[in-house]
Amino acid sequence: MAISEAFHEAFYERVDAGRFLATEYTRGPWDPGSQHAGPPAALLGRAVEEREGARADMRIARITYEILRPVPIGPLEVTTSVLRAGRSTEVVEAALAPAGGAPVMLARALRIRVAGEAVPGVAPGPQLPPPGEVGPTPFFPVPWETGYHSAMETRFTEGAFVALGPGTCWMRMKVALVAGEETRPLDRVLVAADSGNGISSVMDFGRYVFVNSDLTVHLHRHPVGEWACVEARTSVDAAGIGLADARLHDEKGPMGRSAQSLFVAPRS
C-alpha cells in the first residue's frame, strides 16, 4: 500500500470509513513495531463518537480499554457496536484489529445524555499552573528518532520522565490524529491519558518493566483546548501489581481521572 505525504503529518491515515494506516508517529518507546497505546485509544474514542447513528446529545463519560496484545504499526480496522441503548445512557464497544486479524484492543464506552445548563456546575479543584508558565521537558531516551515521543510536546510542572515519583505533565499533540481531519479536544485527552504510568514511574525503567494492559478514563466535563494535563502517581505492591492513578486537566481546570493496572517485574 502506498503511503502518501500525510504519513509525516499524523498518527493515522484514513483509508476508508473503518480502515486506517498507522504511521511511524504511533511507535511506542519499547518496540519499533508496536504502537504506544495513546494514539489507538484516541482512535477508538473517535470511532465511538463518530459511529453511524451516534446521538449528538450524548458524550463519553467513561471509556475503558483492554489492551489484548501489542498494537502493530500498519493497516488497521475499527468496528463499533451498541451494547445497550437507553433514553439517558448507552454503552458502545469499539474494536481495533490488524487488517484481517483478531482484535488487539477493545474499548467500552459509557455515553450520557447532556442537557445544556440543566444543573449548577461544581468545580472539583484548583487549576494547575498553565503550560505557558513552564518550558518543554524532554522525553526519556528512546532508541529511535520518530515515534510517539517526537509527536507530543511535554511540559512538566512537577517531576520528569527521568525522575522517580509523582509527576504532573502538560501534553500537546504536534501532529493530527488522522491526516487531513480536525483534531478534537477529546482526541487530545485520550492520546495523553495512557502516559500516566510513564509520568509517575516509581522504579528505574532500566531495571524493571511496567506493563499496563488496561486504561480507564472518566470525564465529568468535555475537554477544551489544545493541552491536556496528566497529574499522576503510581503505587506498586511487592507482589508486582501496581496502579497508575491520574487526575486529568485542561486549561479550564480538572475534567476527569484515568487509571492503569500495572504488571511490574524485574527485567530479565
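The model shown is predicted, which means the values in this text are computed figures rather than measured ones.

A. Seen up close, the overall build of the protein. On a plain count of helices and strands, the protein comes out with four helices and 14 strands. Relative to a compact globule of 268 residues, whose C-alpha radius of gyration would be 18 Å, the protein shows 18 Å and is just as compact. For the protein, the spread of C-alpha atoms along the principal axes amounts to about 50 × 50 × 40 Å. Residue burial in the protein is summarised as follows: out of 268 residues, 51% are buried. Pairs at least 24 residues apart make up 64% of the contacts formed inside the protein by residues separated by at least 6 positions. Side-chain charges in the protein split into 26 positive and 31 negative, and the spacing between the mean points of these groups amounts to 6 Å.

B. Spatial organisation of the packing of aromatic side chains. The final tally for this structure, using the stated rule, is nine aromatic pairs. Here the aromatic rings of Phe139 and Phe161 are separated by 4.4 Å at their centres, their planes lie at 45 degrees, and the arrangement is tilted. Highlighted residues: Phe139 in the loop between strand 6 (105-113) and helix 2 (148-151) and Phe161 in the loop between strand 7 (152-158) and strand 8 (167-173), separated in sequence by 22 residues. The exposure classification of Phe139 matches that of Phe161, with both residues buried. Through pairs of rings, three or more aromatic residues link up here, namely Trp30, Phe139, Phe140, Phe156, Phe161, Phe205 and Phe210. Across from the ring centre of Trp30, 5.3 Å away, lies the NZ or CZ of Arg267, which sits over that ring.

C. Quick peek at the layout of surface pockets. Size it by volume and the largest pocket reaches roughly 690 Å³. If you go around the largest pocket, you meet 29 residues; those closest to its centre are Pro29, Trp30, Phe210, Val211 and Asn212. Of all the elements in the fold, those that place two or more residues in the lining of the largest pocket are helix 4 (196-199) and strand 10 (208-212). It is strand 10 that contributes the most residues to the lining of the largest pocket, four residues altogether. When the residues that make up the lining of the largest pocket are grouped by side-chain class, the tally is 15 nonpolar, 10 polar and four charged.

D. Spatial organisation of the confidence of the model for the protein. Summary statistics for the protein give a mean pLDDT of 92 and a share of 95% for residues scoring 70 or more. Note on residues 1-7: pLDDT under 50 across the span, and 10 contacts to partners over four residues away in sequence or across chains.

E. Expanded view of the side chain of Glu153. Positionally, Glu153 belongs in strand 7. Glu153 gets classed as buried once you look at its relative accessible area, which sits at 13%. Residues in contact with Glu153, not counting those within four places in the same chain, are Pro136, Trp170, Met171, Arg172, Lys174 and Trp227.

F. The pattern of salt bridges, seen in detail. Scanning the model with the defined rule gives 16 salt bridges in all. Its salt-bridge partner being Arg46, residue Glu181 comes within 2.9 Å of it at the nearest N-O pair. On the criterion of sequence distance, the pair formed by Glu181 in the loop between strand 9 (176-178) and helix 3 (185-193) and Arg46 in helix 1 (residues 38-50) is long-range, its members being 135 residues apart. Judged by its relative accessible area of 4%, Arg46 is buried. Between Arg111 and Glu49 there is a salt bridge whose closest N-O contact spans 2.8 Å. Here the residue Arg111 occupies a position in strand 6, and Glu49 occupies one in helix 1, the gap between them amounting to 62 residues.

G. Just the side chain of Ser201, in detail. Its location among the elements puts Ser201 in the loop between helix 4 and strand 10. Judged by relative accessible area, Ser201 falls into the buried class, the value being 1%. Those residues in contact with Ser201 that sit more than four places away from it in its chain are Phe161, Ala163, Leu164, Gly165 and Thr234.

Each value, and the rule that gives it
Residues numbered from 1 in each chain as written. Predicted model: local features only at pLDDT ≥ 70, side-chain atom pairs only at ≥ 80, totals over all residues. Heavy atoms only, no water. Helix = DSSP H or I, 4+ residues; strand = E, 2+ residues; numbered from the N terminus. Rg over C-alpha atoms; globule rule 2.2 N^0.38 Å. Buried < 20%, exposed > 50% of the residue type's maximum accessible area, 1.4 Å probe, protein only. Contact = heavy atoms within 4.5 Å. Lys, Arg positive; Asp, Glu negative; His and termini not counted. Charge placed at Lys NZ, Arg CZ, Asp CG, Glu CD. Phe/Tyr/Trp six-rings, centres within 6.5 Å; stacked < 30°, edge-to-face > 60°. Lys NZ or Arg CZ within 6 Å of the ring centre and 35° of its normal. 1 Å grid on protein atoms, 1.4 Å probe; cavity = no way out; pocket = protein on both sides within 12 Å on 5 of 7 lines; lining within 4 Å. Points joined across faces, edges and corners; volume = space filled by probe spheres on them. Nonpolar A, V, L, I, M, F, W, Y, C, P; charged D, E, K, R; others polar. pLDDT = per-residue confidence, 0-100. Salt bridge = Lys/Arg side-chain N within 4 Å of Asp/Glu carboxyl O.

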